Structure formats: structure tokens, C-alpha cells
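Secondary and tertiary structure notes
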Protein chains: 2
Amino acid sequence: MGKKVLIIGGVACGGKTAARLMRIDSEAEVTILEKGKYLSYAGCGLPFYVGGVVKEYSDLMTTPIGIVRDENFFRKVKHINVHTSHMATKIDRKNHNVIAVDLTSGQEKNFSYDKLVIATGASPIRLPLPGSDLPEVFTLWTMSDALAMRAAIDSGKVKRAVIIGGGLIGMEVVEALCNRGLEVSVVDILDRPLPAMIDPAFGRYLLKALQSKGVHFYGEERVLEIVGHNGEVKSVKTDKREIPADMVLMAVGVRPNTAIAKDAGLEIGKSGGILVDEHMRTNDPDIYAGGDCVEVNHILTGRKTWQPMGSVANRQGRVIADNIAGIPSTFPGVAGTAIMRAFEYTIGKTGLTKEEAIKEGYDAEAVTIVNSDIPHFMPNSALITIRLVADKKTRRVLGAQVFGKGRADKRLDILVTAVTGGLTIDMLGNTDVAYAPPYSTALDPVTHAANALKNKMDNLMRSVSPLELKEKIEEGWNPLCVDVRTPEEIITQGQLPYDCVNIPLGLLWEKASELPKDRDIVTYCKISVRGWDAYSILRRLGFEKVFVLEGGIEGWPFELVK
Amino acid sequence: MGKKVLIIGGVACGGKTAARLMRIDSEAEVTILEKGKYLSYAGCGLPFYVGGVVKEYSDLMTTPIGIVRDENFFRKVKHINVHTSHMATKIDRKNHNVIAVDLTSGQEKNFSYDKLVIATGASPIRLPLPGSDLPEVFTLWTMSDALAMRAAIDSGKVKRAVIIGGGLIGMEVVEALCNRGLEVSVVDILDRPLPAMIDPAFGRYLLKALQSKGVHFYGEERVLEIVGHNGEVKSVKTDKREIPADMVLMAVGVRPNTAIAKDAGLEIGKSGGILVDEHMRTNDPDIYAGGDCVEVNHILTGRKTWQPMGSVANRQGRVIADNIAGIPSTFPGVAGTAIMRAFEYTIGKTGLTKEEAIKEGYDAEAVTIVNSDIPHFMPNSALITIRLVADKKTRRVLGAQVFGKGRADKRLDILVTAVTGGLTIDMLGNTDVAYAPPYSTALDPVTHAANALKNKMDNLMRSVSPLELKEKIEEGWNPLCVDVRTPEEIITQGQLPYDCVNIPLGLLWEKASELPKDRDIVTYCKISVRGWDAYSILRRLGFEKVFVLEGGIEGWPFELVK
């Protein structure tokens, strides 16, 4: 008789733990208690079901050959006992027993265990706003949430949606709602989307992209009330305006579901998640926990953090199963990676931003570059922006942000791996990434970013990020902005709202004498490759106070003059 | 007065060295001698020009804003002296002088230098076959080659093309020629394409893909003659057949252009390329060399190798410029990365194959997996095959091959970075790669490959690669192949040509008793995820002689029975 393993939660970490255990422990008896009706579904796919990209909700819970991963499947194929609609309410650690309520019958049941796995996930936060109990006020976290939201949209009555909260979940739904023909507004107390994930410049890149799609973003506004009429949502009232709405998505964050663990006396970490060791074990040696309900190590800071992601949950489930099966296995932590798509734009992050790195005590430097993802002569070539961060002392890559229409996910994953492997920017610049025109430029954008940061750190290039330029000018700096694009480009691409002079690069050698040597000069072009040439030419000609604007006009996150 | 830097060759490494020098050395005077008419063009883009994906040849030599990088551009914008159609013929090291012939006038000229850079590139090998001097016998290496080849196709007279050589350049042109409506045949002395780059299984994946597009591949055949009639190509005669042809591409390899270096007494390495140190310096401290004409370190083996790639040449140009400018800089080497696209298929490699690793003294293990690139519920989800190699002792990733319709380039670059960073498979399995449904599965294919290799190395899973299964059966092994797909899948996907029994996974628990316990069993399904479940179930049921067929039917490189 093998050990009895009881798992609370059957979506990501729980399902993975169970499946892995059945594969590697030929004795274990595995039981899953899931409070919801649905098992082992792709939670991250819910926005795509709402948006109609995924046609049937069952597609999110089938195997690749179309078999639904329901109770019957788990029992018959996997020999795992599954009880859906069973809500675990109490862990009796002394007697190795869990009490659960069968939500269908209301009956209380006992489940004994040798090893227990807590995979209770997280829950969305519902602000206690007036009107938040109206039927068309949704959260989007579970399959049931998605079914309700899609049904509301399918009814045809919903024309205007307001999303409260500019975080990852809210932003992932914007495209879905737009694709369904809704007019979408977003309200956030900060001035840009994704404030917890990326830095202000990258938040503004996304903001501009959303606005270009007709999305309204009301930043620095606080929602006061969801106004209803005859039991239907009519508008969302903020401290600055009233936004007409037929539907509201409350996306102000999620919280780990730790009540049952806390009640059982298990330790909770500072981040709010259940505290586990590197084996994913709680302070009770017979109880493991994983997925959205636990906190994890950040591999760069060593600090505990909370990163509720399906990918992390799956990796942790594997580690838990291994340890229960007697195979020593550890979960080293996360790199703080996140990614999302909005329309044709990708935005993502790994590791630390420069500001986060400095806060952690690193002597961090960063650079922003814009580059084609594949050569400009290939069809579908598109730009991506990368901001790369490294430590000045060790030169190790500390993190990166990516944005753009180009294939930014690949570059992000190269950088995730670089962070994990402890690559220096020098190693990264010479990493032998795969080159052929359908896949990258001869020097990949990641190579280019590493080289630019080397130039900057080695004092070969003095540069300012867009945010630095804006802030310094607002603080009184008065540089001359030397734009080396063609006049035609300025008309189509727009211009910085500062003191600019246009000298196309080809004319700079002869016209440089017209420029002041006693005034700071900022050079740039569309992506600041010519801007970097201009910097070099001016330096050659004896100009000492020259800076490159990183990323050029394409990397500018703010309004341009057109 | 700054130092005089003379560069022989102005395509990739030469152009990059010059541009970088002008940016970082405000004194240097830079001169380029280029024997051809064209400068700084994207050689890797030539097949796409031939195929019509790139409309104008000038697109391959313009900056992203459309300015042609010709002599005038280099002189005016970069202040670099460029002499095209100037063939350097002799290096006088003692007097720091290079003699070049102006190919337009026939005049000999002298160019003095303080520092010399040899970036003479490589040249395609032309087999001295009868008929090889016919006008429609091409090589594809330079812009002039591409212009001639495209002109021949544009003439409308060419209907059938024969490519001699199944290497990277030949294979890169197949799609181009097919896209132009030509009937394409490939002849190689080996039995599969890309024999120098990838292992036999992956060569066969590409072979099957090409054949599915109507391309003829005549393996294990030797070309004896290109038969002409009235000065036109009529056919290609091999030792087995005569293939009608209106045009021939000779793609049997390239050789580094080292004659001028050799004549000057510079050391040539064993691989045939110019020998350079980590600073890209030859045995003459005033002479650097880079690009296709030099040999490089392989970062895994430490051996010298030759990897003629535009990306490598560009990275080396930067290192050369830095060193000339007095900034100590090194080129650590290459990881043996290569990639190409054929139609919708990607094929690539980094590091070592298992066989190469064993030859280098590693105790190497490998696994082949097939996985969706993004979740099956997302549009455009497609399969990719990864073969991952690691060292059993250190568990470090040694290399990988990728193939498939899915986004395999991203996975390859993750693996390149893992090889560079010295990641173990354990680290790779927990690398926090970015997950959202448009970009990856919850466990990315790379994570999945790392986990599968961990299972294999840790003896949790016994498996055979497709090649191993075929070879062992040919040597007399007689396993029962237990196929756990549905009967419908077998009809559409085909079946292994061996002794197979079909038990859909859902029936395996009850039907396993019908299977022999004293005979070796090989389990599989479409991609062997259910095959791995079946393995686990049979192990649970007391079967000891069980193996998983890695990659399943999708990973099978040979013919299937339909």
C-alpha cells in the first residue's frame, strides 16, 4: 500500500502534482479536492475565450487530442480520485485529516492523508464599491467567471465596458473586449497601465498602443461607484468623471487563498503567500504547498515574492510530486518574468528594472534600444524596444523589459535565460544566437542591447533614456536636440516637444560648425542608430557635451509634436 | 594624426570594423578595399532576393531608411575611404603596405597601414565537373551571383533546377526556387540534407518536409557531369540517373579566402581559416583578421572550428575595432549555432549533438521531444521537435537541435543562451521563461525537454529515440510496440512499420493484462505524452521491460505505414 496523497485544488499546481506522482510513484494513491466544477483548465486562456479566439470553453480543458480532463478522465486514465465541488474547510494536522464540504449536497466529509498538498490558488479582489454587486460586474479568474462574462457579451446587450484596474489581468482582457466590438475604458489610480510590472516608460508604450486602438485610459482616477439602474450597470463614477458602461470588469488584483493554511497554523510569508522551503514544503513536514497560494524566492534578490503564474504553478507541482515520491527536488525560484499581448503588441519583463535593482543595492545601469526584429528587407519586419539592466561591478545582466510589434517574446526568453545563467553583458553580446533573415538581424536586438549597454558602461557613449531626458528638461536642463533624420521622417514620425534642430546625418560633417560647443547636445534619429553616428561625429569634431537619446523617436513614450 | 587602418574586404566583418572604429576612435583614418562592386550587403539575404521575397537587390544594401550603403555613403556619412573593385593581392608586412589591383583600370596601387584587417571572406567551391562552365551553372555567394541567378529565372526559360549539395546554402535556396515555380531536385552524396550541421534524424525531418513540397532529393548519388546542349544546361548526370535541368546551383561548400594571408606568412589554422587569438589578432601584432576567413573557438569543445556566418563576422568586427582603438576586447567563440527556414519549417542547431559530444569525451545523454509551441487551443499552434543533449556528470546542457512548423527559433535561442551560461538541465527546467498563451505552453517546450532529459538521466523514464528504435530493430531487437492513440489517429497519422498493437490510453488499465510481461514493450502515441503515461501505467502494473518511443509518431523521421 502506497502513501495517501491528498491535494487541495485541481487547476494548475494540484493537477500537475497529481499527474506527475502517478507517473513516478507506482504506489501512491492520489486524491484531489477541487472546490470548483472545472479541473485542470488553462486559466491564462480565459481572456482568449472571452474574446472569442478560443471558441469553446471546453477547449481550455481538453488534452491536445480533444479529451476533456474531467473527473472521469482523471479517474479512468490517470487513476486519480477527483472530487469536484468539494471545498476543503479545515486541516487537522494532528490526525492527518482534511474536512471538506460537498458543495452539491452540503455534506461534510473527511479525507485522510499521509502527505497533503495545498494548491488553493488565489482569488480576485472585489472592491466593496457601491454597485459592485450588480450582475454585470465581473472578475475574471475562474472558468465560471469567463463563462459568465462571455455570456453577457454574447447577449448583445453590452456595448461599453469599463475595466477597473490597469494591471496584467485587466490589460489582457482589453484586446478580447475590443475584438468583440465593445468600447473599452480603463480606470487606474496610477497614470499608466501595468505599474506593478514595468517601469513608467514601458507603461506608457503600452498606453500609447492601447490609445491607438481607441481604448480610453483614465489614469490617476479613483472609482467611487458603479452606478446602476433597474438592476443594470449604467456607468462608472470616478473622482473626475462618469463613464457610461454596460459592464464592468474588476481587475484590481488577486490574493493568495491561504485561510485554510493559516487556520491550520502553517506559516504565512511576508508577501502574504504560504511560506515554503526550497522543496515546496510548509513548516509541517507532511504538508506541501504550491501554485498561486505560496510565496517564492526571487532568484536575483533572494527575497520572497509572489508570482501567481500558471507556468510557475506547473513547475512547482513537479517539484512537490518528486519530493513526495522520495526524489529530492528543489524549486530555485522565479526571475520575475511576465509577458502579455495586446493586439499586435507584446510587452514583457524579467528580472529587475534599473530602479528595482538600485533599491536592492545593485550599482545598476540600463540602456533602452529600438531595433528591427528581423532585417528591414524581410516582410513583416517590425520594431522592438528593449531596456536592458546590468550591474556595473559584476556586469551581470539583472533584467530587461521588452515592447513592440516585433517578436519580443523571443528576446525576453533569451534574457530570462541570461539572467538565470548569470551572463554578463559581455557574454550576452557575444552569445551565438541563431541568425538567418527570417529570424533575426545579423546582430540580434539582444546583442545590440548588450553592446549598447557596454558602450554606456565603458563610457564610450553618453546617453539619456527618454524618461531621463523628459525629467531633466522639466528640472531645467536646456540641451539642443539635434535630430539627424530626414525632413520627411520628421513629418511622418513627429518631433520631440523641445528645442530641436534638424541636420540630416549626411550633412552633419559640414553643418556641425553651426552647432554650439558650449551647450549640451542630444542627438537622435528614428531609433538612434544614426543618432549614435551623429554623437560620434560630433565627438570627433571636438564637441564634448553630447548625449544620445536612447531609442530615438520610436522609443519616445510621450506625446510627439506632429 | 590618428592611425591608418586598412581593411581588406567590405561586406560584413570589414564594414562593421570600419563603422565601429569611426564611432569609438576619433583619430583613426579608415580605408576599405573591396574586390567586388557591392559593399556591406546582407549576404544571408541573397536567397530571399533570388526567391523574390526581397524585391530589389538594393534592399539588401540599404540602411533601414533606404539609403544605399555605397562608396559615396561610406565616404560622406561615415568618412571612411572605400575602394570597390579593388583586389588586394599582396601584403608587405615589413613595410606595412598592401598592393591592390584596381579591377576597372588594371592599375596596381599601394596602400600603407598602421593596422591591417583581413576580412577577405570565403568563396564557394566549384566542382571541376564536365559542363560546370555552362552559363546556367551558378554558385550563390555574392551579390553578383544572386543577380545572375535571378536574371536567369526572370528570363522565364528556366523550369527545372538541380541543386548539387544538400548543405545549408543549397537548402536555403530550395524554397526560393520553388516559390519561383521551378521544379527542384537536390543531389547529395549523403542520404539526407544538412549532414554537416545536424544528426541523421533531423536531416530526415527536413527531407520529409522538402519531399512534402514536391522537391526531389537524390541521396547517396554522385554527380558525374552537367550535360549541355548548344551551350545550355540540359541535365545533370549522376552515377544513378540523369536529371533534366535548365539550371544548376553548385552548393557543395565554401572555403575561407586565405591566400593573401598565407602568402604573407600569416599562420593558418587546422580548420583552414586564418589563425587568430582571442583579440582576433593574427601572428603579426599589426594584422587582425575576422569574418569568414578566420577560424574560431568552439566554446564547448575549446577546439578551433570554422563557422562562416554574417552574425559572427559582425561580432568579430566589433572586437577588432575595439582592440585597434585600444579597448581590450575578446571574442570568446561560437556555440556552433545554425538555423534555416524551408517553407514553413524551421531547422536549427546549437552546441553539440549527442554523437559529437561523446566524440569530445563527454558522457552525454539526449532526449527527443515533440510539443506544441503554444497551447493547442490557440490559433496557429504548431508542433516543434527538440533534441536536447546534456552531460551526465555535470548535467550541463551541451547542445540542441530543433525542427518544426512551430516557433522553433525562440527555443533554439533559449538553448544557445543556456549553453553559453552553462545551465544544467535542472536549471533549464526551472528557468522562468515567459508564459502567456500567445507565446508558449504553460510548460514551454524547452522546459518539457529539460524535464524529459531529467527523467531519462534519473532513470525515471527509459526511452529510445526514433533512430535508436530503428537501428535496434534492424539489429534484431523484437519489442512489441504499444500504440496508445485512438484508432482514428492511426488512420490519419500513420503507423510504425513494426509489430504494433493498439490500446487507446483510456483502455490500458483494463487491457494491459493482454500484453506480454516477458517481451520488451515500446509505448508511444502522437507525441509520446500519452506514451509516457502508458509507460507509467505499465510500470505500475508490474511490467519491467518498458520503453517510451521519444517524440512518438510526430517525431518519427522515417516512412510510416498508412
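Here's a quick rundown of the structure. As the structure is a computational prediction, the values presented were derived from the model and not from experiment.

Description of the side chain of Arg315(A)
Within the secondary structure, Arg315(A) is located in helix H8 (residues 310-324). With a relative accessible area of 3%, Arg315(A) lands in the buried category. What Arg315(A) contacts, discounting residues up to four positions off in sequence, is Phe331(A), Gly429(B), Asn430(B), Thr431(B), Asp432(B), Val433(B), Leu443(B) and Thr447(B).

Thoughts on helix H16 (residues 529-540) of chain B
Since the α-helix advances by 3.6 residues per turn, residues separated by three or four positions end up pointing in the same direction. Residue and element names in this part refer to chain B. The end-to-end C-alpha separation of H16 is 17 Å, in line with the 16 Å expected for twelve residues at 1.5 Å each. Of all twelve residues making up H16, nine are buried, and the element is well covered by its neighbours. Taken together, the buried positions of H16 are Arg-530, Gly-531, Trp-532, Asp-533, Ala-534, Tyr-535, Ser-536, Ile-537 and Leu-538.

What to know about the interface of chain B and chain A
With 95 residues of chain B at the contact, the number on the chain A side is 95 residues. A per-residue breakdown of the area chain B buries against chain A is headed by Arg23(B), Asp432(B) and Arg540(B), which together make up 10% of the total. Between Lys410(B) and Asp413(A) there is a salt bridge, with the nearest N and O atoms lying 3.6 Å from each other. Connecting chain B to chain A are 42 residue pairs in polar contact (both at pLDDT 80 or more). Looking at side-chain class alone, the side of chain B that touches chain A contains 46 nonpolar, 27 polar and 22 charged residues.

Topic: the environment of Thr368(A)
All names here are of chain A. Topologically, Thr-368 is positioned in strand S23 (residues 364-372). Judged by relative accessible area, Thr-368 falls into the buried class, the value being 4%. Sequence separation between Thr-368 and Ser-465 is 97 residues, and the spatial gap between their C-alpha atoms is 6.4 Å. Apart from residues no more than four positions distant in its own chain, Thr-368 is found in contact with Tyr-205, Thr-385, Ile-386, Arg-387, Pro-466, Glu-550 and Gly-551. One polar contact links Thr-368 to Arg-387, side chain to side chain, over a distance of 2.9 Å.

Some points on unusual backbone geometry
All names here are of chain A. One non-glycine residue, Asn-380, adopts positive backbone phi at about 70 degrees. Its place among the elements puts Asn-380 in the loop between S23 and strand S24 (383-391). Despite not being glycine, Asn-459 shows a phi value in the positive range, around 60 degrees. When you line up the elements, Asn-459 lands in the loop between helix H12 (445-457) and strand S26 (463-464). Its relative accessible area of 65% is what places Asn-459 among the exposed residues.

Cut-offs applied
Residues numbered from 1 in each chain as written. Chains lettered and ligands numbered in written order. Predicted model: local features only at pLDDT ≥ 70, side-chain atom pairs only at ≥ 80, totals over all residues. Heavy atoms only, no water. Helix = DSSP H or I, 4+ residues; strand = E, 2+ residues; numbered from the N terminus. Buried < 20%, exposed > 50% of the residue type's maximum accessible area, 1.4 Å probe, protein only. Contact = heavy atoms within 4.5 Å. Expected span 1.5 Å × (residues − 1). Buried area = accessible area lost by both parts, 1.4 Å probe. Salt bridge = Lys/Arg side-chain N within 4 Å of Asp/Glu carboxyl O. Polar contact = N/O pair within 3.5 Å; in protein donor to acceptor, adjacent residues only side chain to side chain. Nonpolar A, V, L, I, M, F, W, Y, C, P; charged D, E, K, R; others polar.

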